[in-house]
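Residue-level listing of the chains:
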Amino acid sequence: MLMTRRKMKSRNAFTIVEVMIAAAIVFIAIIGTSANRYGATLNARRADLHATAVRTALLLCEGWNGTCGSTSFNPDNTFSSGLDIIASEGPDAPDGFTTLGSYRIMLEGVEYYATLSWENAETDLRALSVIVSWDPSGQGQSAAKSYQLITYVENPS
């Protein structure tokens, strides 16, 4: 009877190998979950930067469109009360377009660079181009990503 009892006790306990395997599985699950969360947070940040650049391009394009594509449009004067915007270097204008100006825009601690340019597509039609570039890492190292928006207005001249 004593032998049977000892065998039963040893069968009910976990061995050190079983405990180590369970700990390894839990550790792998925690590392996987952390990596997934980090990736999701990083992608959400990149998406936010991109969305902000798109909204900025739309704001500049619509503001310029509101002046019927005037070559005297100055977003520095128009949006200075709501944006931290100053004349600066920016992305190159598309081929065939005349540069209106380039600007640095600070939004939520991130630098965006915008270039406004125009081209008379036809005698009564003017193309307005706004290109906004930014650093996808948010560190301000280089403006590697860009977004271009083109709209058309009746040629004011």
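Quick notes on the rules
Residues numbered from 1 in each chain as written. Predicted model: local features only at pLDDT ≥ 70, side-chain atom pairs only at ≥ 80, totals over all residues. Heavy atoms only, no water. Helix = DSSP H or I, 4+ residues; strand = E, 2+ residues; numbered from the N terminus. Buried < 20%, exposed > 50% of the residue type's maximum accessible area, 1.4 Å probe, protein only. Contact = heavy atoms within 4.5 Å. Areas by Shrake-Rupley, 256 points an atom, 1.4 Å probe, with all protein chains shown as cover. 1 Å grid on protein atoms, 1.4 Å probe; cavity = no way out; pocket = protein on both sides within 12 Å on 5 of 7 lines; lining within 4 Å. Points joined across faces, edges and corners; volume = space filled by probe spheres on them. Nonpolar A, V, L, I, M, F, W, Y, C, P; charged D, E, K, R; others polar. Phe/Tyr/Trp six-rings, centres within 6.5 Å; stacked < 30°, edge-to-face > 60°. Pairing = 2+ DSSP bridges. Axes fitted to C-alpha atoms, helices over the stretch in contact; angles between N-to-C directions. Patch = residues over 30% accessible without salt bridge, like charges linked within 9 Å, V, L, I, M, F, W, Y side chains within 5 Å. Salt bridge = Lys/Arg side-chain N within 4 Å of Asp/Glu carboxyl O.

A. The overall build of the protein, seen in detail. Secondary structure summary: the protein contains 3 helices and 5 strands in total. If you list the helices and strands of the protein from N to C, you get α-α-α-β-β-β-β-β. Evaluated residue by residue, the protein yields a buried proportion of 29% over its 157 residues. When contacts within the protein are restricted to residue pairs at least 6 apart in sequence, long-range pairs at least 24 apart make up 43% of them. Summed over its atoms, the accessible surface of the protein is roughly 10400 Å², and 56% of this surface lies on carbon and sulfur atoms.

B. Expanded view of empty space enclosed by the protein. According to the stated counting rule, one finds 1 cavity of 30 Å³ or more in the structure shown. Roughly 30 Å³ of volume is contained in the largest cavity. Surrounding the largest cavity, Arg-45, Asp-48, Leu-49, Thr-52, Leu-107, Glu-108, Val-110 and Tyr-112 form its lining. Every element with two or more residues in the lining of the largest cavity is listed here: helix H2 (16–65) and strand E3 (110–122). For the lining of the largest cavity, the element with the highest residue contribution is H2, accounting for 4 residues. Residue composition of the lining of the largest cavity, by class: 4 nonpolar, 1 polar and 3 charged.

C. Summary view of the packing of aromatic side chains. By the definition in use, this model includes 3 aromatic pairs. For the ring pair Phe-73 and Phe-79, a centre distance of 6.4 Å and an interplane angle of 75° mean the geometry is edge-to-face. A relative accessible area of 7% means that Phe-73 is categorised as buried. Assessed through its relative accessible area of 14%, Phe-79 is described here as buried. Arranged with centres 6.5 Å apart and planes meeting at 45°, the rings of Tyr-112 and Trp-134 form a pair that is tilted. Taken together, the positions of Tyr-112 in strand E3 and Trp-134 in strand E4 (residues 125–134) put the pair 22 residues apart, joining distant regions of the chain. Tyr-112 gets classed as buried once you look at its relative accessible area, which sits at 1%. Classification of Trp-134 by relative accessible area gives buried; the value is 2%.

D. Quick peek at the sheet that holds E4. Taken in spatial order, the 5 strands make up an open sheet running E1-E2-E3-E4-E5, and their pairing is antiparallel. Bordering the open sheet on either side are strand E1 (84–87) and strand E5 (145–154), each of which pairs with just one other strand. Mean inter-strand twist for the sheet, computed between neighbouring axes without regard to direction, equals 25°. Relative to E4, E3 runs antiparallel, the two being bridged by 10 bridges. In the sheet register, Ser-117 faces E4, and the bridge partner there is Ser-129.

E. Summary view of a nonpolar patch on the surface. A cluster of nonpolar side chains, namely Ile-16, Val-17, Met-20, Ile-21 and Ile-25, defines an oily patch on the protein surface of about 540 Å² accessible area. Of note, Met-20 is situated in helix H2.

F. Representation of the environment of His-50 in the model. Mapped onto the elements of the fold, His-50 is located in helix H2. Taking the C-alpha atoms as reference points, His-50 and Lys-145, 95 residues apart in sequence, are found 8.4 Å from one another. Once you skip the residues sitting within four places of it in the chain, His-50 turns out to touch Trp-134 and Tyr-147.

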